[in-house]
Amino acid sequence: EEVIIDRSAAEIIDQINKRVKSPYYSIYCGIAGIILFFIFPPISIVLAVVTYVVYREDVKRKTTPLFYEFSDEYSEKKFYEGIASFSDLAMTKSSWRLKSQVAVNDWKRNAGSNSSLIRHRSKIGKQNPNLLKTNVEVWGFDAGSIKLYLFPDRCFVFQDGVYSTISYNEVQVSLSDLEYVEQESLPSDATVIGKTWKYVRRDGNRDRRFNNNRQLPIVNYGLVAFSSPNFIAYLIVNSAEFASNFNQTFKSNTVNSLPPHLM
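What counts, and where the lines are drawn
Residues numbered from 1 in each chain as written. Predicted model: local features only at pLDDT ≥ 70, side-chain atom pairs only at ≥ 80, totals over all residues. Heavy atoms only, no water. Helix = DSSP H or I, 4+ residues; strand = E, 2+ residues; numbered from the N terminus. Buried < 20%, exposed > 50% of the residue type's maximum accessible area, 1.4 Å probe, protein only. Contact = heavy atoms within 4.5 Å. Areas by Shrake-Rupley, 256 points an atom, 1.4 Å probe, with all protein chains shown as cover. Expected span 1.5 Å × (residues − 1). Arc of directions from axis to C-beta. Phe/Tyr/Trp six-rings, centres within 6.5 Å; stacked < 30°, edge-to-face > 60°. Lys NZ or Arg CZ within 6 Å of the ring centre and 35° of its normal. Pairing = 2+ DSSP bridges. Axes fitted to C-alpha atoms, helices over the stretch in contact; angles between N-to-C directions. Patch = residues over 30% accessible without salt bridge, like charges linked within 9 Å, V, L, I, M, F, W, Y side chains within 5 Å. Salt bridge = Lys/Arg side-chain N within 4 Å of Asp/Glu carboxyl O. pLDDT = per-residue confidence, 0-100.

**Re the overall build of the protein chain**
Item 1. A tally of helices and strands in the protein chain yields six helices and 14 strands.
Item 2. Split into buried and exposed, the 263 residues of the protein chain put 44% on the buried side.
Item 3. Long-range contacts, defined as pairs at least 24 residues apart, comprise 65% of the intrachain contacts of the protein chain with a sequence gap of at least 6.
Item 4. With the model as given, the accessible surface of the protein chain reaches about 14,700 Å², and the carbon-plus-sulfur share is 52%.

**Topic: helix H3 (residues 41-62)**
Item 1. The terminal C-alpha atoms of H3 lie 31 Å apart, and with 22 residues this matches the ideal 32 Å at 1.5 Å per residue to within 8%.
Item 2. For H3, the complete set of buried residues consists of Ser44, Leu47, Thr51, Asp58 and Lys62. Buried residues in H3, looked at end-on, bunch into an arc of 55°, giving them a common side. Facing away from the buried surface of H3 by more than 90 degrees, the exposed residues are Ile45, Val49 and Lys60.

**Focus: the packing of aromatic side chains**
Item 1. One pass over the full model with this rule turns up 15 aromatic pairs.
Item 2. Between phenylalanine 70 and tyrosine 80 the ring centres are 6.2 Å apart and the planes differ by 45°, which places this aromatic pair in the tilted class. Here phenylalanine 70, found in the loop between strand S1 (64-67) and helix H4 (73-84), pairs with tyrosine 80, found in helix H4; they are ten residues apart in sequence, far enough to count as distant.
Item 3. By relative accessible area, which is 19% here, phenylalanine 70 ends up buried.
Item 4. Since its relative accessible area comes to 32%, tyrosine 80 is described here as partly exposed.
Item 5. Taken together, Tyr68, Tyr149, Phe151, Phe156, Phe158 and Tyr163 form an aromatic cluster joined through their ring pairs.
Item 6. The positively charged end of lysine 62 is found above the aromatic ring belonging to tyrosine 24, 4.5 Å away from the centroid.
Item 7. Arginine 119 extends its terminal NZ or CZ atom over the ring of tryptophan 96, reaching a point 4.1 Å from the ring centre.

**Considerations on the sheet that holds strand S4 (residues 123-126)**
Item 1. On the basis of which strands lie adjacent, the open sheet formed by five strands has the order S4-S6-S7-S8-S9 and antiparallel pairing. Looking at which strands have only one partner, the edges of the open sheet turn out to be S4 and strand S9 (162-167). On average, each strand axis in the sheet is tilted by 20° relative to the strand beside it, whichever way the strands run.
Item 2. As paired strands, strand S8 (residues 154-159) and S9 are joined by six bridges and run antiparallel to one another. When the bridges of S9 are listed, phenylalanine 158 appears paired with tyrosine 163.

**Notes on a nonpolar patch on the surface**
Item 1. Taken together, the side chains of Ile27, Ile31, Ile34, Ile35, Phe37, Phe38, Ile39, Phe40 and Ile43 present a nonpolar region at the surface, about 960 Å² in accessible area.
Item 2. Among the elements that make up the nonpolar patch, the one with the highest residue count is helix H2 (residues 26-39) (seven residues).
Item 3. Residue placement: isoleucine 31 occurs in helix H2.

**Here's the deal with the confidence of the model for the protein chain**
Item 1. When pLDDT is averaged along the protein chain, the result is 83, and 87% of the positions lie at 70 or above.
Item 2. Within the model, pLDDT remains below 50 along residues 1-7, and this stretch shows 15 contacts once partners closer than five positions in the same chain are excluded.
Item 3. Overall, residues 255-259 carries pLDDT values under 50, and its contacts beyond four positions in sequence, including any with other chains, amount to 18 contacts.

**Here's the deal with the environment of phenylalanine 210**
Item 1. On the secondary structure map, phenylalanine 210 appears in the loop between strand S11 (191-197) and strand S12 (215-228).
Item 2. Placed ten residues apart in sequence, phenylalanine 210 and valine 200 show a C-alpha to C-alpha distance of 9.6 Å.

Structural data, given as structure tokens:
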């Protein structure tokens, strides 16, 4: 969703997004190379080299350098303590972004559950922000269609091909337990709290009508919510302990710095 930001941040984001949304001219070179491959193959090799060179120039043109200066040692210390809190989440074996929860009518064929979670594998830890170059270490999570990066002055969110920002004063982090029937590979550090069957009877026992009926673990995952008045994202982490550690340390570390120099 669109995020409400102050004027100074809006001006920076506007300049960043103008570069991000500018075209990749290398695409046209690539298309020409594919067409000429069927007409005159030797020329297509030359165009392949040209496409690579143009692509490198595209990336350079579309990338925005952001250079930060901390207002004092305390601000710098708080920033690195804040991103260090993500190391707790990064230690977890598996993580996902929770996209939605869908009601399921046939609970007998859904391990006894009345709903199904739509989730996307995510990567938590040190990040290389899309088309941004900076002089500070950036941590956050990459969940495919949505990416969140921790910068010294605010959180940057990359979604739908553009950037928006959230002030740290507006970011709320909350934690809850998620009881989940894991039908994929079980992470080694997951906490198993019970077992069920893929095809289950009303009394919870195995439905013997299905030959490929297998037992599934019921696990306790941590559900971390990042929210602001105009944004929310949920992360499922397989270790509730790591999620709890992150929740405590992140809340106690807010960061402040001078606005970035936009090149």
